[in-house]
Amino acid sequence: MKKIVIAVAMIIAIMGMVLPASVFAADAKPKYAIVFKNTGNPYGEKQLEGFKTGIEEQGFEAILRSPDLPTAEAQIQIIEQLIAQKVASICIVANDYDALQPVLKKASAQGIKVFSLDSSVNPASRLTHVNQADSEKIGQTLIKAAYDMAGGSGEIAILSATSQASNQNIWIDFMKKELAKPEYKNLKLVKVAYGDDLRDKSVSETEGLLRSYPNLKVIIAPTTVGIAAAGKVLTDKGLKGKVALTGLGLPSEMAEYIENGVCGYMFLWNPIDVGYLGAYTATALVTGKIKGAVGDKFSAGKLGNYTITKAPDGGTEVLLGPPFKFDKSNIAMWKKVY
Ligand code: RAM
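Here, residues in each chain are numbered from 1, in the same order as that chain's written sequence. Local features in this predicted model are restricted to residues of pLDDT 70 or higher, and side-chain atom pairs are both shown and tallied only at a pLDDT of 80 or more, whereas totals for entire chains, interfaces and linings draw on every residue. To get the side-chain values, take all heavy atoms of the structure and skip hydrogens and water.

### Observations regarding the layout of surface pockets
Empty space among the atoms becomes apparent when a probe as large as a water molecule is rolled across them. Of the voids in this model, the largest pocket is the one considered here, and its volume is about 230 Å³. Cavity: a set of points on a 1 Å grid over the protein atoms alone where a 1.4 Å probe fits but cannot get out. Pocket: an open set with protein on both sides within 12 Å along at least five of seven lines, its lining residues, like those of a cavity, having an atom within 4 Å of a point. Around the largest pocket, the lining is made up of 18 residues, and of these Tyr97, Ser120, Ser166, Ile170 and Asp313 lie nearest the centre. Looking at the lining of the largest pocket, the elements with two or more residues in it are strand 5 (129–131) and helix 7 (166–179). Secondary structure is summarised from DSSP: a helix means a run of H or I of at least four residues, a strand means a run of E of at least two, and numbering begins at the N terminus for each. Per element, the largest residue contribution to the lining of the largest pocket is seven residues, and it comes from helix 7. Residue classes follow a fixed rule: Ala, Val, Leu, Ile, Met, Phe, Trp, Tyr, Cys and Pro count as nonpolar, while Asp, Glu, Lys and Arg count as charged, and any other residue, Gly among them, counts as polar. Of the residues contributing to the lining of the largest pocket, the split by class is five nonpolar, seven polar and six charged. Residue ranges assigned to each domain were obtained from an automatic or database domain assignment. Residue contributions to the lining of the largest pocket reach at least three from each of two domains, namely domain 1 (29–131 + 271–320) and domain 2 (135–268). Grid points are joined across faces, edges and corners, and a volume is the space filled by probe spheres set on the points.

Laid out in structure tokens, this is it:
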């Protein structure tokens, strides 16, 4: 018996010397990776789920990663591991616009196709960016909502995610530009608070806003974690009708606060579709169908055809579509979807 075991081991060892490693690999499918901001965010899980579906239905392997905390450092560690794993592409939902550049450049230099999704990296670090909705329109839509909820005047505050998240920051920039228009002169942005997409911190930041600004009329939270935390605080404190709430929320998490009237209405897109579009962007880049240049066209499975356009930051992007409004009339249906 011992002799047989030794003989088999020797045969395996010799084959290992003469045959390429890929023959032994359990599966030699190209690996497509996505890295989200942090764990514990149901929105992020939906995006990862859409990416996985899109990659697997094309016959490839998806690697889904998220660090525990939403920091650039934690994402850099994960990207280093993905480079070592020789993935075909990396789709990054960035915790910082610039800080990931060295590690992403390193990945690109090794032939890995790098692009961002949801929260972008700078144009020098990416081939393109998968954007969920027009960034300027998001800013304009949220300010218009706050204006209507405030009755045209008063104090408003923003509850964001991390101070370094580029998606939140670009939306906040566009909100500030919108607020500078004459029609919004009576609306005063008193504070931008950062809940870091962590539930507890978002709750305490909301409480801080209420303490510091007793006349606050509206909270805009352009983050699904933030808006759900604010919905809970306003509900628990019985502030419905006194402090209004809007922003970008996940229907399944926000249904309760839309149904109880704390949040009149909010906006979002389908996070599963964002991830799915990312999957087809990844394979189109890896096969060379697109380079990430303006005018490049590709087909994204069940979502149809897309064309790459110029992004507001000077890089390029693929736009999923317009944001969708959720209110009492449709939330019951959408809360079951995502
Ligand atoms: C949070 C995340 C995500 C953002 C949504 C709206 O879940 O910050 O990046 O796109 O909100």
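Next, the rest of the story.
### Points about the domain arrangement of the chain
As far as domains go, the chain holds domain 1 (29–131 + 271–320) and domain 2 (135–268). Summarising the inter-unit geometry, the C-alpha centres of domain 1 and domain 2 are found 28 Å apart. At the interface, 15 residues of domain 1 touch 17 residues of domain 2. Of the roughly 1,300 Å² buried where domain 1 meets domain 2, counting both sides, 53% is carbon and sulfur surface. As a working definition, buried area equals the accessible area (1.4 Å probe) given up by two parts on being put together, with both sides summed. It is Lys37, Tyr43 and Pro70 in domain 1 that bury the most area against domain 2; as a group they hold 27% of the surface buried on that side. Any Lys or Arg side-chain nitrogen found within 4 Å of a carboxyl oxygen on Asp or Glu counts as a salt bridge. Between the two partners, domain 1 and domain 2, sit zero salt bridges. Here a polar contact is recorded for every N or O atom pair within 3.5 Å, except that within protein the pair must consist of a potential hydrogen donor and a potential acceptor, and residues adjacent in sequence are included only if both atoms are side-chain atoms. At the junction of domain 1 with domain 2, the criterion picks out eight residue pairs in polar contact (both at pLDDT 80 or more). When checking whether two residues touch, look at their non-hydrogen atoms; a contact exists if any pair is within 4.5 Å.

### Concerning the nonpolar core
If you look at the biggest cluster of nonpolar residues, it comprises 83 residues, and the most contacted ones within it are Ile220, Leu245, Trp269 and Phe298. Both of domain 1 (29–131 + 271–320) and domain 2 (135–268) provide at least three residues apiece to this core. In contact with Trp269, not counting residues within four places along its chain, are Tyr43, Gln132, Ala133, Ile138, Trp171, Leu248, Val274, Leu320, Pro323 and Tyr338. Each nonpolar core is a collection of buried residues, namely Ala, Val, Leu, Ile, Met, Phe, Trp, Tyr and Cys, held together in the definition by side-chain atoms within 4.5 Å. Accessible area is worked out with a 1.4 Å probe on protein chains only. A residue is then buried under 20% of its type maximum, exposed over 50%, and partly exposed in between. With 19 residues, the next largest nonpolar core counts Ile90, Ala94, Leu104 and Ile112 among its residues.

### Notes on the environment of Asn169
Inspection of the secondary structure puts Asn169 in helix 7. Filtering out sequence-adjacent residues up to four positions away, Asn169 remains in contact with Ser163 and Gln164.

### Some words on the side chain of Asp296
Note that Asp296 resides in the loop between helix 11 (271–286) and strand 11 (297–299). One buried charge, Asp296, has no salt-bridge partner; the nearest side chain with opposite charge is Lys291, at 7.2 Å. Here the side chain of Asp296 touches Ala293 through a polar contact of 3.0 Å, landing on its backbone nitrogen. The residues touching Asp296, leaving out its near neighbours within four places in the chain, are Ile290, Lys291, Tyr306, Thr307 and Ile308. Charged residues are defined here as Lys and Arg on the positive side and Asp and Glu on the negative side; His and the ends of the chain fall outside this count.

### Here's the deal with the site of the ligand
Near the ligand lie 14 residues; those nearest to it are Lys37, Asp118, Asn167, Asp197 and Thr224. Interatomic distance of 3.4 Å between a side-chain N/O atom of Gln168 and an oxygen atom of the ligand. At 2.5 Å, a side-chain N or O of Thr224 approaches an oxygen atom of the ligand. Each accessible area is a Shrake-Rupley estimate made with a 1.4 Å probe; only the visible protein chains count as cover when residues are assessed. For the ligand, the protein covers 100% of the area, taking 300 Å² as the surface of the free molecule. Taking a 2 Å distance to the grid points as the criterion, the majority of the atoms of the ligand fall inside the largest cavity. Counting residues per element, the shell around the ligand draws most heavily on helix 7, at three residues. Grouping the constituent residues of the shell around the ligand by class yields five nonpolar, six polar and three charged. Near, as used in this document, describes a residue that has one of its heavy atoms within 4 Å of the molecule or strand being considered. Put plainly, a molecule is in a cavity or pocket when over half of its atoms are within 2 Å of the grid points there.

### A word on the sheet that holds strand 8 (residues 216–221)
The pairing criterion for strands is at least two bridges between them, as found by DSSP. The strand order across the open sheet built from four strands is 7-6-8-9, with neighbouring strands paired in parallel fashion. The sheet terminates laterally at strand 7 (187–194) and strand 9 (244–247), the two strands that pair on one side only. Within this sheet the neighbouring strands show an average axis-to-axis angle of 25°, counted without direction. Relative to strand 9, strand 8 runs parallel, the two being bridged by four bridges. The partner of Ile219 across the bridge, within strand 9, is Leu245. Axes here refer to lines fitted to C-alpha atoms; in helices the fit is confined to the stretch in contact. Angles between the N-to-C directions go from 0 to 180 degrees.

### Regarding the sheet that holds strand 3 (residues 89–92)
Across the sheet, seven strands lie side by side as 2-1-3-4-5-14-13; this open sheet has mixed pairing. At either margin of the open sheet sits one strand with a lone partner, and together these are strand 2 (61–65) and strand 13 (309–310). Across four bridges, the pairing between strand 3 and strand 4 (residues 113–117) is parallel. Across the sheet, the residue bridging to Ser89 is Lys113, located in strand 4. Where helix 11 meets the sheet, it contacts strand 1 (31–35), strand 3, strand 4, strand 5 and strand 14 (316–319), and its direction lies at approximately 160° from that of strand 4.

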